[in-house]
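Summary of the model geometry
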Amino acid sequence: MNSEIHKIEHSSSLLNKKWKLIDYDERNASYLSQKFKLSSFVGKLLSIRNIKEENIDFYLSPDINQHIPNPNNIKDMNLATLRVVEAIKKNQKIGIIADYDVDGSTSASILYKFLKNYNSSITLKIPNRLLDGYGPNLKIMREMQSENIDLLFTLDCGTTSNNIIDNEEFNKIDVIVIDHHLVDHELPNVHSIINPNRFDDESDYKQMAAVGVTFLFLMSLRKELRNHNIFNNKKEPNLLSYLDLVALGTVCDVVELKQFNRLFVIKGLELIHKRYHKGISKLIDNSKLNTPPSSQDLGYIVGPQINAASRIDDSSLASKLLITNDSEQIEKISRKLFLLNEKRKLIQSKILELANEQVEIQKNSKYILVYGENWHQGVLGIVASRLLDLYNKPVIVLSFLNNYGVGSARSIDGIDLGNIILNAKNKGIISEGGGHSMAAGLKLNHKDLENFKAFLDKSFEHYQDKIFKKIINFDLIISINDINNNLLESLEKLEPYGNGNPEPHFIINDLKIDSIKIIKNKHILIFFENDLGNNIKGICFNSKGTILGDYLEKFNKYKFYFGCSITSDKFSKDTRPQLIIKDVMKID
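Residues numbered from 1 in each chain as written. Predicted model: local features only at pLDDT ≥ 70, side-chain atom pairs only at ≥ 80, totals over all residues. Heavy atoms only, no water.

1. Description of the overall build of the protein
Scanning the protein for helices and strands turns up 19 helices and 19 strands. On C-alpha atoms alone, the protein measures out to a radius of gyration of 25 Å, which is about the 25 Å that the 2.2 N^0.38 rule sets for 588 residues. C-alpha atoms of the protein, sized along the principal axes, occupy 75 × 60 × 45 Å. A burial count over the protein gives 53% of its 588 residues as buried. For the protein, the exposed surface amounts to about 28100 Å²; the carbon and sulfur share of it is 46%. Here the protein carries 75 positive and 73 negative side-chain charges, and the mean point of each set is 4 Å from the other. (Helix = DSSP H or I, 4+ residues; strand = E, 2+ residues; numbered from the N terminus. Rg over C-alpha atoms; globule rule 2.2 N^0.38 Å. Buried < 20%, exposed > 50% of the residue type's maximum accessible area, 1.4 Å probe, protein only. Areas by Shrake-Rupley, 256 points an atom, 1.4 Å probe, with all protein chains shown as cover. Lys, Arg positive; Asp, Glu negative; His and termini not counted. Charge placed at Lys NZ, Arg CZ, Asp CG, Glu CD.)

2. Brief notes about helix α9 (residues 243-252)
Counting buried positions over the 10 residues of α9 gives 10, a clear majority of the element. Those residues of α9 that fall on the buried side of the exposure criterion are L243, D244, L245, V246, A247, L248, G249, T250, V251 and C252. Those residues of α9 that are buried lie in contact with α6 (102-115), α8 (210-227), α10 (259-273), α11 (278-286), α12 (295-312) and α13 (317-323). Taken from the residues just after α9, V254 is the one with a positive phi, measuring 55 degrees. (Contact = heavy atoms within 4.5 Å.)

3. Some words on the sheet that holds strand β6 (residues 192-194)
The 5 strands lie next to each other as β3-β2-β4-β5-β6, forming an open sheet whose pairing is parallel. Since the sheet does not close on itself, it has two edges, and those belong to β3 (122-125) and β6, each with one partner. Between one strand axis and the next, the sheet turns by 15 degrees as a mean value, whatever way the strands run. By the bridge criterion, 5 bridges tie strand β2 (residues 94-98) to strand β4 (residues 151-155) in an arrangement that is parallel. Residue pairing in the sheet places I96 in a bridge with F153 of β4. This element, helix α7 (residues 138-146), spans β2, β3 and β4 of the sheet and lies at about 165 degrees to β2. (Pairing = 2+ DSSP bridges. Axes fitted to C-alpha atoms, helices over the stretch in contact; angles between N-to-C directions.)

4. Re the packing of aromatic side chains
The full count for this structure, using the stated rule, is 14 aromatic pairs. Summarising the aromatic geometry, the rings of F114 and Y118 are spaced 5.6 Å apart at their centres and angled 55 degrees between planes, so their arrangement reads as tilted. Assigned by exposure class, F114 and Y118 land together as buried. When the ring of Y205 is compared with that of F260, the centres are 5.9 Å apart and the planes differ by 70 degrees; the resulting orientation is edge-to-face. Taken together, the residues Y205 in the loop between β6 and α8 and F260 in helix α10 connect sequence positions 55 residues apart. The same class applies to Y205 as to F260, namely buried. Following the ring pairs from residue to residue traces out a cluster consisting of F528, Y551, Y558, F560 and F562. (Phe/Tyr/Trp six-rings, centres within 6.5 Å; stacked < 30°, edge-to-face > 60°.)

5. Remarks on the packing of helix α5 (residues 77-90) against α8
Relative orientation of the contacting elements α5 and α8 amounts to 55 degrees, with a least axis distance of 9 Å. By the criterion of interaxial angle, the relationship of α5 to α8 is oblique. Considering how the two elements wind past one another, α5 and α8 form a crossing that is right-handed. Counted together, M77, A80, T81, L82, V84, V85 and I88 of α5 and L216, F217, S220, L221, E224 and L225 of α8 form the full contact between these two elements. Among the residues making up the contact of α5 with α8, the classes are represented as 10 nonpolar, 2 polar and 1 charged. (Parallel < 35°, antiparallel > 145°, perpendicular 65-115°, else oblique. Left-handed = near helix turned anticlockwise from the far one by under 90°. Nonpolar A, V, L, I, M, F, W, Y, C, P; charged D, E, K, R; others polar.)

6. With respect to α6
Compared with the 20 Å implied by 1.5 Å per residue over 14 residues, the 20 Å span of α6 between its first and last C-alpha is a close match. Counting buried positions along α6 yields 14 of 14 residues, so the element is predominantly enclosed. (Expected span 1.5 Å × (residues − 1).)

7. Quick notes on the side chain of R344
Residue placement: R344 occurs in helix α14 (residues 327-359). Of the side chains with opposite charge, E342 comes closest to the buried, unpaired R344, at an N-O distance of 7.2 Å. Polar contacts involving the side chain of R344 include one to the side chain of Q348, which spans 2.4 Å. Contacts of R344, omitting those with residues within four sequence positions, involve P304, R311, I312, V379 and I382. (Salt bridge = Lys/Arg side-chain N within 4 Å of Asp/Glu carboxyl O. Polar contact = N/O pair within 3.5 Å; in protein donor to acceptor, adjacent residues only side chain to side chain.)

8. Brief notes about the pairing of strand β11 (residues 439-445)
Regular strands place their side chains on alternate faces of the sheet. For strand β9 (residues 404-410) and β11, the ladder comprises 7 bridges, and the chain directions are antiparallel. Each bridged residue has a counterpart across the sheet, and for G407 the counterpart in β11 is L442. Relative to β11, strand β10 (residues 432-435) is paired through 4 bridges, and the arrangement is antiparallel. Note that in β11 the partner of G434 across the bridge is G441. In this antiparallel pair of consecutive strands, β10 and β11, the connection spans 3 residues.

9. Thoughts on the environment of M77
Looking at the secondary structure, you find M77 in helix α5. Under the relative-accessibility criterion, M77 is labelled buried at 0%. Taking the C-alpha atoms as reference, M77 lies 21 Å from P136; in sequence the two are 59 residues apart.

10. With respect to unusual backbone geometry
Note the cis peptide between E495 and P496, where omega equals 5 degrees. Here P496 shows up in the loop between α18 (485-492) and β14 (506-508). Although it is not a glycine, N148 sits at a positive phi angle of roughly 60 degrees. Relative to the assigned elements, N148 resides in the loop between α7 and β4.

Any functional reading would require information beyond the geometric quantities listed.
Laid out in C-alpha cells, this is it:
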C-alpha cells in the first residue's frame, strides 16, 4: 500500500492535478469505531476530520433540546433584546435593512415573521446590488427616517457602516446591528451591535452565519417576551419552525458546518424534507429534484435561484418569497426566480466564453486579468470563481462602462489578493478596492489599466510555481468490493456536507470498466462490476470532449485510478451506490 500511495502522490492526474491522501491516526480511528460501535470507515473518516472523542455524540446525533446555545453569551444581546421589547410594548415603527444574498434574505425572513406577530408597522428594505451596493446607505436611511422608523435592524450588514447608520442626521432612530462579518476596532456608534466577530466579543459563535445569529437573537427575545407576559394573549412562536430558513442561509453563506451550524442544518433539512416552507419547496420543485434535497442541493441548486434576483433584477424578490404564505405569490415569484437564474446562467456562460479567450494568452502569467465592455456586474464574481477553478490562479474580472471599470477578484490559498488590491488603492493605482485574502472588489479608470497590470506583475513575481499546482485531497484508497449499501449507510452518518465538513473523497484502485454510455452528448456514464458480479455505475459530468472523456472513451487501452465521491444513485428505484468521478489517473 505504501508503494502505491507513493506512486499516486508523485504522479499527475489527467487534469494535471496532484493527489494527496490525508494522514490520520489509525489507532484513534480503531478506538472510535469500537467505543461508539461504528463501522471502520466511519471511524477513519471521523479521525481524518479530527472530531474529538468528547464531540462524537454531538457530531453524529445532535439534539437541539440537549445542545442549546446561550444567546446572551454574545455581547449586546441583552441590551438589544430589551430595546425590542420596549418597541413591541409601545407599538413603535420597526425597520429592517438586510443584505441581498441568501444569508441576508433568510435573516430578514425569520425576523420579519417573528416581529409581525406583535407589530404591524414593519418596513423591510433590501439594497439593490447594482445600484446601491452592499449594506445600508444614506438614501435608504433617509427613506427609513421619512417613514418615521423608531427602531432599525441591519441584518448581515452594518458592522462597517460607520458614518451612515450612526450619522447624526438619523439620531432619532435606534439601530440594532445583527451581523457576522469581521470588523476592525472602530464600530459604528449605535444602540447595539450583535456580532460574534466583533473584536470585543468573547462568545463561541464566531462561525455562525448572520441567519444563525438572528436565530439566537429571536431565542433571547422570545424568552424576554415570556418574562414580560406578552404571550398571555398571543400564541408563542415556535422557533424550531424557522430552522429550514436558518439551514438555507447557513449552507449558502459557506460557513463551517460544525457545532451549532451543523445542528441547524440537520434539523432544518428535516423540515425541508417535510415541505413545511412553501417557498423553499417550490424552488426545489422548479429544479425538478427527484430526491429529498441535501445540503449540497441547497447550496448549488436552491441558493443560486434566490441570489439570481439581486444579480440581475429586483433584490427584494427573495425575501418576499421566503416571507409570504400566499400560494399565488409563491408561484409567481418562484417561477420568476427560476427564469432569472436561467438568464443568469446564459449571461455568465457568454462572459466566461469571452474571458477564456483572453486567458489563452496569459498561460505563463501567475494571475489572470480579464475584462470587457459592459459585462454584467451581477455575475463577475461567479465568472472569477469559475476561472479560478479551471486554472488555479488568482483571477480579476473587470467590466468597463464609459471608461470606468468595476471588478471582482478571487484567489487561491497562500496569496492574499485582498491585500494586493488594497495596496493598489493605497498607491492611487485604482480608485477603490478591498476585501479579504480570498475575495475582493475594486474600481478603476480605464486609463490606469496598464499601470494596474504592471503593479500586479510586480506583486506576483516572487510567488513560486508550486503554489499554483492544484492538489486534491482524498480520504482513503478503497476497493470496488467496498462499495455497497453498507458504505452508503456509513457515509450518511457524516452528512450534511459543506465547508468544514467536506464530502469524503476516495481513490478506487482496481476498477475495470465494462462499458460506457454518453448522456446528452456531454456526460459519460460508466458501468463497472465487482468480484461478486454486482453492477455499479459511475458518472463523469461534463467530460465529453475533454481530456478525461477522451481517455474514458478509450477505456480498453488503459488502466485507471478513479478519484471520486460516492452517493446514492438518484435515478435508481432501489438504493444503490454510484460513483461521482472527479478526476482520473492513468496507471502506467
